[in-house]
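Coordinate analysis (summary)
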Amino acid sequence: MPHNLIQHWEIFRQLANNSIQENPWTAEILYFSENWFHHLKDPAWKEFYQYYYTSSWTNTEFWRNSTIWDLVFSLILRDYEARPNADIVDTAKCLLYMGIGVQPGMAPVQNALAGPFDLIQKNLHRRL
């Protein structure tokens with residue numbers, strides 16, 4: 001069992017080199033080099049840049065307005081009769097943020113889109 005992040009490398013290297021994988025897993029990385037940003041004034045690229053601008057603006061709306069969310073929580077707690085437990089308040093915030101889709105949460109793995117989980121689970125059971 002790995003005890004730190006560096007020790008995970010060996011496990012993932014062994015998994016990647018495992019020749020008996022039933023469902024080989026791959027990942028693709030999109031890399032936008034400096035040349036992508038040389039077209040900022042090019043009309044042909046306007047829709048592309050507008051898409052990323054709009055997407056970024058929409059995805060940061062919650063964090064740009066986080067002061068208002070903090071104020072709402074303060075107003076709720078102001079009228080709370082007992083002294084609230086900080087862990088409960090943090091948990092409530094986390095659940096709310098996950099519910100509105102601005103913070104990630106944990107869920108059971110249902111497919112192998114994000115990683116070779118079936119292979120990890122098989123090898124983990126062998127070691128236990």
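Note that the structure is a prediction, hence the values are computed from the model and not measured.

A separate point is the overall build of the protein. Each helix and strand counted, the protein has 6 helices and 0 strands in total. The C-alpha atoms of the protein give 23 Å as radius of gyration, which overshoots the globular expectation for 128 residues (14 Å, by more than 25%). In terms of overall dimensions, the protein has a C-alpha envelope of 60 × 55 × 25 Å along the principal axes. In the protein, which comprises 128 residues, the proportion classed as buried is 9%. For the protein, restricting intrachain contacts to residue pairs at least 6 apart in sequence, the fraction spanning at least 24 positions comes to 49%. Carbon and sulfur atoms make up 60% of the accessible area of the protein, which amounts to about 11700 Å² in all.

With that settled, the discussion passes to the confidence of the model for the protein. Any region with low pLDDT has predicted coordinates that should not be read closely. Summary statistics for the protein give a mean pLDDT of 82 and a share of 91% for residues scoring 70 or more. Mean pLDDT across the elements of the protein ranges from a minimum in helix 6 (residues 117-127), with 69, to a maximum in helix 2 (residues 46-59), with 90.

In this section: the pattern of salt bridges. Under the definition given, this model contains 1 salt bridge. A salt bridge links Asp79 to Arg78; its shortest N-O distance comes to 3.6 Å.

Looking at where Tyr97 falls in the secondary structure, it is placed in helix 5 (residues 86-99). Taking the C-alpha atoms as reference points, Tyr97 and Arg83, separated by 14 residues in sequence, lie 23 Å from one another. Not counting residues within four places of it along the chain, the set of residues in contact with Tyr97 comprises Phe62, Trp69, Asp70, Phe73, Val102 and Gln103.

Residues Leu30, Phe32, Phe37, Leu40, Tyr51 and Tyr52 make up a contiguous nonpolar surface patch of about 690 Å² in total accessible area. Along the polypeptide, Phe32 turns up in the loop between helix 1 (5-17) and helix 2. Take Phe32: its relative accessible area is 33%, and that puts it in the partly exposed class.

This paragraph deals with the environment of Glu28. Looking at where Glu28 falls in the secondary structure, it is placed in the loop between helix 1 and helix 2. On the basis of relative accessible area, Glu28 is assigned to the exposed category, the value being 80%.

With that settled, the discussion passes to the packing of helix 4 (residues 66-78) against helix 5. As a packed pair, helix 4 and helix 5 sit with axes 12 Å apart at the nearest point and diverge in direction by 135°. As summarised for this structure, helix 4 and helix 5 are arranged oblique, according to the angle between their axes. The handedness of the crossing between helix 4 and helix 5 comes out as right-handed. Here Trp69, Asp70, Phe73 and Leu77 of helix 4 lie close against helix 5, whose contacting residues are Val89, Lys93, Leu96 and Tyr97. The class makeup of the residues in the contact of helix 4 with helix 5 is 6 nonpolar, no polar and 2 charged.

In this section: helix 1. Helix length check: helix 1, at 13 residues, gives a terminal C-alpha distance of 19 Å against a target of 18 Å (1.5 Å per residue), a fit within 8%. Measuring from the backbone nitrogen of Ile6 back to the side-chain oxygen at the start of helix 1 gives 3.1 Å, which picks out Asn4 as the cap.

Rules used throughout
Residues numbered from 1 in each chain as written. Predicted model: local features only at pLDDT ≥ 70, side-chain atom pairs only at ≥ 80, totals over all residues. Heavy atoms only, no water. Helix = DSSP H or I, 4+ residues; strand = E, 2+ residues; numbered from the N terminus. Rg over C-alpha atoms; globule rule 2.2 N^0.38 Å. Buried < 20%, exposed > 50% of the residue type's maximum accessible area, 1.4 Å probe, protein only. Contact = heavy atoms within 4.5 Å. Areas by Shrake-Rupley, 256 points an atom, 1.4 Å probe, with all protein chains shown as cover. pLDDT = per-residue confidence, 0-100. Salt bridge = Lys/Arg side-chain N within 4 Å of Asp/Glu carboxyl O. Patch = residues over 30% accessible without salt bridge, like charges linked within 9 Å, V, L, I, M, F, W, Y side chains within 5 Å. Axes fitted to C-alpha atoms, helices over the stretch in contact; angles between N-to-C directions. Parallel < 35°, antiparallel > 145°, perpendicular 65-115°, else oblique. Left-handed = near helix turned anticlockwise from the far one by under 90°. Nonpolar A, V, L, I, M, F, W, Y, C, P; charged D, E, K, R; others polar. Expected span 1.5 Å × (residues − 1). Polar contact = N/O pair within 3.5 Å; in protein donor to acceptor, adjacent residues only side chain to side chain.

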